[in-house]
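Reading the structure
As a plain string of letters, each chain reads:
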Amino acid sequence: MIILRYELKKILTSKLTVAVIIVLYALDVFLLLTGTLSLKPADPFTHVTGIHGTTEDTYIEIQKQTSQYAGEITQEWYEGLLAEYDAYINDPANRLSDEELFSLANHWREYGWSEEEIEDMLNSTYYTVREPEFPINAALRNAQSIVYAPQDIDGSLLEFEGWQDLVKMHGEGISSYYKERYPGVVGETLSDKAKEMYDGLAENFTPYYNYDYGWWQMQGMHRAFPITVGLALAVALGSLFTADRARGTEGIVFATRHGRRKLIYAKIGAGFIFTFLLWLVLEITNAALILIIYGPTGWEAVWSLIGGVSAPFMFNQSQITLVTIVTSLFGTFMAAGMVMLVSALAKSQYASLIINAALLIVPMLNTVKIYIFGAESFMETVMDFFPGRIMGAINEWESLDLLYVFGNAVPTEYLIIPVAVIFGAAITAASFFIYRRRQPAN
């Protein structure tokens, strides 16, 4: 226990480690406040009259007004929004004035529109009615994206296509992709599984609409974990074994009666304790700030096939947030094991830092394409199981990726945590045996 406390103290009191953690935590807070990592913007309604800025009061007002339209996404729900919208555009008080129409017509002439075209546009409510102010405009924009109902040229909304129809349509596209990408039994198996999952989502999940920007932010913040947590681990644990080697104290400790075994246990134990504390403090910090700024509203809101998500998993916002937190935790422990393994193998602290940083960050870069014998798809799947991507959590769950395993189609997402546990344990054991067998220095 004394050695464990000593090793943990060495990690926590390192000036470099403390400095890096402060910088990376500051980066995390900056990304959170700017909404950089969320699929929904931090302040989505700045373009709407009467709602500007990114203050706490702004978010409270957005939450209060958007929540007026909370409810199950059905045709009746949509028609209620549509009726309110129609009442707005048909109210003469909301029409542009003659002076505004004259100015608008001159603007179109400057762009080369013909008089006939200008006349048609001046007779359209789409161009001659003031844009509705928040919140009905914002709610309808979100509703249109959910039910796939874009505006027609005359300003009216096209007929309702339910969220369920959108899910099935997307599933048919994914199913066709697998059938074309992998001909034969493999393609048929993957195609059938994709269709089954999307049809199941459409038929067995009840979508709910509400203000949910805090939950999107909570999930999105994990995208930065390979940097904010990963680099801190690379700095703090990357020298766990190499530092003693560099100082020449490794052989002295090994020469003692219990030094070799107890030292290894202490180093690995201190490494995982530090890892959990680092992860936990960042999770609590993010959750506290998000709850203060955005509030907890929208836990029951629909997540699948909203805001760029194409996955068919039956999660609402609170459920997918919990899934990403757990996924990130296991990915972080796996990353810690990898960092310690590299430290046990590396000859210098600098080599350990560079190698670990590359292993954590490169796999998370979607712009990096790896071609090995033309097997890009295979290597991309392999990359999904690297700790950097698992730490990012939400990136792993936003889309469906099926694997053909012993005649069955299995979502890679279901394998992520088991792989993290198995490989995390394996590389930690490897670190133990590699360092244990190292010969004392002469």
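Scope of this entry: the structure provided in the associated data block.

**Concerning helix 11 (residues 213-220)**
- Counting buried positions over the 8 residues of helix 11 gives 8, a clear majority of the element.
- Tyr 213, Gly 214, Trp 215, Trp 216, Gln 217, Met 218, Gln 219 and Gly 220 are the residues of helix 11 that are buried.

**Details of the nonpolar core**
- By size, the foremost hydrophobic cluster in this structure holds 36 residues, and its most contacted members are Ile 11, Val 229, Leu 233, Leu 237, Phe 241, Phe 274 and Leu 278.
- Within the residue set of this core, elements represented by two or more residues are helix 1 (2-13), helix 2 (15-34), helix 13 (230-237), helix 16 (259-293), helix 17 (317-345) and helix 22 (412-436).
- Ignoring anything within four residues of it in the chain, the contact list for Leu 278 reads Ile 21, Tyr 25, Val 229, Ala 232 and Leu 233.
- In this structure, Tyr 198, Ile 306, Phe 315 and Ile 394 belong to the second largest nonpolar core, which totals 33 residues.

**Looking at helix 2**
- For helix 2, spanning 20 residues, the distance from its first C-alpha to its last is 29 Å, which sits close to the expected 28 Å at 1.5 Å a residue.
- Turning to helix 2, its buried residues number three or more, namely Thr 17, Val 20, Ile 21, Leu 24, Tyr 25, Asp 28, Leu 31 and Leu 32. Seen along its axis, helix 2 keeps its buried residues to an arc of 130°; they face one direction. Facing away from the buried side of helix 2 by more than 90 degrees, the exposed set consists of Lys 15, Ile 22, Val 23 and Phe 30.

**Brief notes about the pairing of strand 4 (residues 408-411)**
- Of the two faces of strand 4, only one is covered, namely that formed by Ala 409 and Pro 411; the face formed by Asn 408 and Val 410 stays uncovered.
- The sheet contact formed by strand 3 (residues 402-405) and strand 4 spans 4 bridges and is antiparallel. Bridge pairing in strand 4 links Leu 402 to Pro 411.
- Linking strand 3 to strand 4, which pair antiparallel, is a turn of 2 residues; within it Phe 406 sits at a positive phi near 50°.

**Details of the environment of Asp 212**
- Following the sequence through the fold, Asp 212 ends up in the loop between strand 2 (208-209) and helix 11.
- By relative accessible area, Asp 212 is classed as buried at 3%.
- Spatially, the C-alpha atom of Asp 212 lies 6.6 Å from that of Ala 301, the residues being 89 residues apart in sequence.
- Side chain to side chain, Asp 212 and Gln 317 meet in a polar contact 3.1 Å long.

**Thoughts on the packing of helix 13 against helix 18 (residues 349-361)**
- Axis separation between helix 13 and helix 18 bottoms out at 9 Å; the angle between their running directions is 160°. Judged by the inter-axis angle, helix 13 sits roughly antiparallel to helix 18. When you trace helix 13 past helix 18, the crossing you get is right-handed. Judged by residue contacts, Gly 230, Leu 231, Ala 234 and Val 235 of helix 13 engage Leu 353, Asn 356, Ala 357, Leu 360 and Ile 361 from helix 18.

**Focus: a nonpolar patch on the surface**
- Together, Leu 322, Val 326, Phe 330, Val 421, Ile 422 and Phe 423 line one region of the surface with nonpolar side chains, adding up to about 540 Å² of accessible area.
- Of all the secondary-structure elements, those providing two or more residues to the nonpolar patch are helix 17 and helix 22.
- Relative to the helices and strands, Val 421 resides in helix 22.
- By relative accessible area, which is 41% here, Val 421 ends up partly exposed.

**Let's talk about the environment of Leu 360**
- Here Leu 360 is to be found in helix 18.
- When the C-alpha positions of Leu 360 and Gly 230 are compared, they lie 6.4 Å apart, and in sequence the two are 130 residues distant.
- Ignoring anything within four residues of it in the chain, the contact list for Leu 360 reads Pro 226, Gly 230, Ala 335, Met 338, Val 339, Gly 388 and Met 391.

**A short note on the packing of helix 13 against helix 17**
- Packing of helix 13 against helix 17 leaves a shortest axis separation of 9 Å and a crossing angle of 35°. The element helix 13 and its partner helix 17 pack so that their crossing is right-handed. Counting all contacts with helix 13, which are made through Leu 233, Ala 234 and Leu 237, the residues of helix 17 involved are Thr 332, Ala 335, Ala 336, Val 339, Met 340 and Ser 343.
- Split by residue class, the contact of helix 13 with helix 17 holds 7 nonpolar, 2 polar and no charged.

**Here we look at the environment of Val 23**
- Its location among the elements puts Val 23 in helix 2.
- Its relative accessible area of 55% is what places Val 23 among the exposed residues.
- Taking the C-alpha atoms as reference points, Val 23 and Ala 232, separated by 209 residues in sequence, lie 9.6 Å from one another.

About the thresholds
- Residues numbered from 1 in each chain as written.
- Predicted model: local features only at pLDDT ≥ 70, side-chain atom pairs only at ≥ 80, totals over all residues.
- Heavy atoms only, no water.
- Buried < 20%, exposed > 50% of the residue type's maximum accessible area, 1.4 Å probe, protein only.
- Helix = DSSP H or I, 4+ residues; strand = E, 2+ residues; numbered from the N terminus.
- Core = buried A, V, L, I, M, F, W, Y, C linked by side-chain atoms within 4.5 Å.
- Contact = heavy atoms within 4.5 Å.
- Expected span 1.5 Å × (residues − 1).
- Arc of directions from axis to C-beta.
- Pairing = 2+ DSSP bridges.
- Polar contact = N/O pair within 3.5 Å; in protein donor to acceptor, adjacent residues only side chain to side chain.
- Axes fitted to C-alpha atoms, helices over the stretch in contact; angles between N-to-C directions.
- Parallel < 35°, antiparallel > 145°, perpendicular 65-115°, else oblique.
- Left-handed = near helix turned anticlockwise from the far one by under 90°.
- Patch = residues over 30% accessible without salt bridge, like charges linked within 9 Å, V, L, I, M, F, W, Y side chains within 5 Å.
- Areas by Shrake-Rupley, 256 points an atom, 1.4 Å probe, with all protein chains shown as cover.
- Salt bridge = Lys/Arg side-chain N within 4 Å of Asp/Glu carboxyl O.
- Nonpolar A, V, L, I, M, F, W, Y, C, P; charged D, E, K, R; others polar.

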